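Residue-level listing of the chains:
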Amino acid sequence: MRRVVVTGLGVVSPLGIGAEPTWEGLLAGRSGAGPITLFDCSKHTTKFACEVRGFDPLQWLDKKEARKMDRFIQLAIAAADHAIKDSALTFTAEESENVGVYIGSGIGGFSSIEREYSEMINGGPRRISPFFIPSAIVNLAAGWVSIRTGARGPSSATATACTSSAHAVGDSFRIIQRGDADVMIAGGSEAAITALGVGGFNAMRALSTRNDAPEKASRPFDKDRDGFVIGEGAGILILEELERAKARGAKIYAELVGYAMSSDAHHITSPPEDGNGAARVMARALKDAKIRPEQVAYVNAHGTSTPVGDQIEVRAIKTVFGEHTRKMVVGSTKSMTGHLLGAAGGVEASIAVLAIRDQKIPPTINIESQDPECDIDAAREGARSLAIEYALSNSFGFGGTNGALVFKRYAA
């Protein structure tokens, strides 16, 4: 079986544009939450989010190109550009057939859909932009990155809710393993901080309404959590077949050694109380990695800060890890980034990789009174040095779709 390593990271997040600024913000325990500026939220119940502030698409695109793209595509292009430069990835026209792009998004071009619908209602169908459909559909993030890079290998997209980019990374892992590509530009992007997006999640009562203290609102595993904080961003990893990476002298962050998918087959938005879908996906990922539960030092939990979800995830972790649960760190970086929906898995996989690189764990902030049902070590006191051989990243999505990735410290 061909081995797969991570040779580049690109992150655009509410904590910074770039993997390193994001990582520094996480280790410092900084919240990315603040008042919504992307639309007039005066009539909304929730008035804050984790926006990517200071993002200028014209740093990567000319004005004509930018007008053809929804924000989620622009974020993906920026993250992919960061990842490719970080990896120092180059390839010839002949090699391009073995370089693929796989970028997921839970929702896609929400802002484009809202804008063009308004244009049609106010001015009729002739007012709809000819670029509307290509700017809104999910696979155009991968499409644009493929066009811009010249990658002519597998090109695809996942739309599996909040598991989208974890599935994109995992599926890319399989593509390289079976020899259908040597390199995959993989991850996800989301830009759903819109009037309809926030309003829709408010209608579900899924979002925190802690408007007086946005920076304290995302509080996974805290007994007073009241919902997630919506975020936006993109996370892209360069996955590469090991021998190719070694041959070009690439920097290797970590090895991807395990991946699994599962379905709850239970409910469209709520996981089963025993967390069996989450437990099964973690157990299968560990089996795929050929490791024992006690070899994992760090779990980057899905940990969204919802009252039910956090408890069920901890229950599932205990099912898989047993007594070892008390000996590892189970943290949620969503306490700082917010929930990036379809981009969460790509950003959090990158965080797991950086934790392995630096042998450090970011904290879970805002745990003021820990939920007794979430009795895990979440590094609530701050960032911590930790010996990490293996790290696991969890992602769960509406429809009961689950994904788990296992990364290993690379040794030549």
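A few points about the side chain of Asp222
- Structurally, Asp222 can be placed in the loop between α8 (195-203) and β8 (233-241).
- A distance of 2.7 Å separates the side chain of Asp222 from the backbone nitrogen of Glu368, its partner in a polar contact.
- Only 2.8 Å separates the side chain of Asp222 from the backbone nitrogen of Ser369, close enough to count as a polar contact.
- Contact partners of Asp222, with chain neighbours within four places excluded, come to Asn366, Ile367, Glu368, Ser369, Gln370 and Asp371.

A look at the layout of surface pockets
- As a volume, the largest pocket reaches approximately 660 Å³.
- Lining the largest pocket are 35 residues, with Thr269, Pro271, Thr306, Gly309 and Phe398 positioned closest to its centre.
- Those elements that place two or more of their residues in the lining of the largest pocket are α11 (307-321) and β14 (390-397).
- A total of 6 residues in the lining of the largest pocket trace back to one element, the largest contributor, which is α11.
- Of the residues in the lining of the largest pocket, the class split is 15 nonpolar, 15 polar and 5 charged.
- What the second largest pocket holds in volume is close to 280 Å³.

Comments concerning α8
- Every buried residue belonging to α8 is among Gly197, Val198, Phe201 and Asn202, and all of these are buried. Buried positions in α8, seen along its axis, are confined to an arc of 130 degrees and lie on one side of it.
- Buried residues belonging to α8 abut α4 (110-123).
- One or two residues past the end of α8 sits Arg205, with phi positive at roughly 60 degrees.

Focus: the packing of helix α3 (residues 71-87) against helix α6 (residues 140-149)
- Axis separation between α3 and α6 bottoms out at 9 Å; the angle between their running directions is 45 degrees. As judged from the angle between their axes, α3 and α6 are oblique. Considering how the two elements wind past one another, α3 and α6 form a crossing that is right-handed. Every residue of α6 that contacts α3 at Phe72, Ile73, Ala76, Ile77, Ala80 and Ile84 is listed here: Leu140, Ala141, Trp144, Val145, Arg148 and Thr149.

Calculation rules
- Residues numbered from 1 in each chain as written.
- Predicted model: local features only at pLDDT ≥ 70, side-chain atom pairs only at ≥ 80, totals over all residues.
- Heavy atoms only, no water.
- Helix = DSSP H or I, 4+ residues; strand = E, 2+ residues; numbered from the N terminus.
- Polar contact = N/O pair within 3.5 Å; in protein donor to acceptor, adjacent residues only side chain to side chain.
- Contact = heavy atoms within 4.5 Å.
- 1 Å grid on protein atoms, 1.4 Å probe; cavity = no way out; pocket = protein on both sides within 12 Å on 5 of 7 lines; lining within 4 Å.
- Points joined across faces, edges and corners; volume = space filled by probe spheres on them.
- Nonpolar A, V, L, I, M, F, W, Y, C, P; charged D, E, K, R; others polar.
- Buried < 20%, exposed > 50% of the residue type's maximum accessible area, 1.4 Å probe, protein only.
- Arc of directions from axis to C-beta.
- Axes fitted to C-alpha atoms, helices over the stretch in contact; angles between N-to-C directions.
- Parallel < 35°, antiparallel > 145°, perpendicular 65-115°, else oblique.
- Left-handed = near helix turned anticlockwise from the far one by under 90°.

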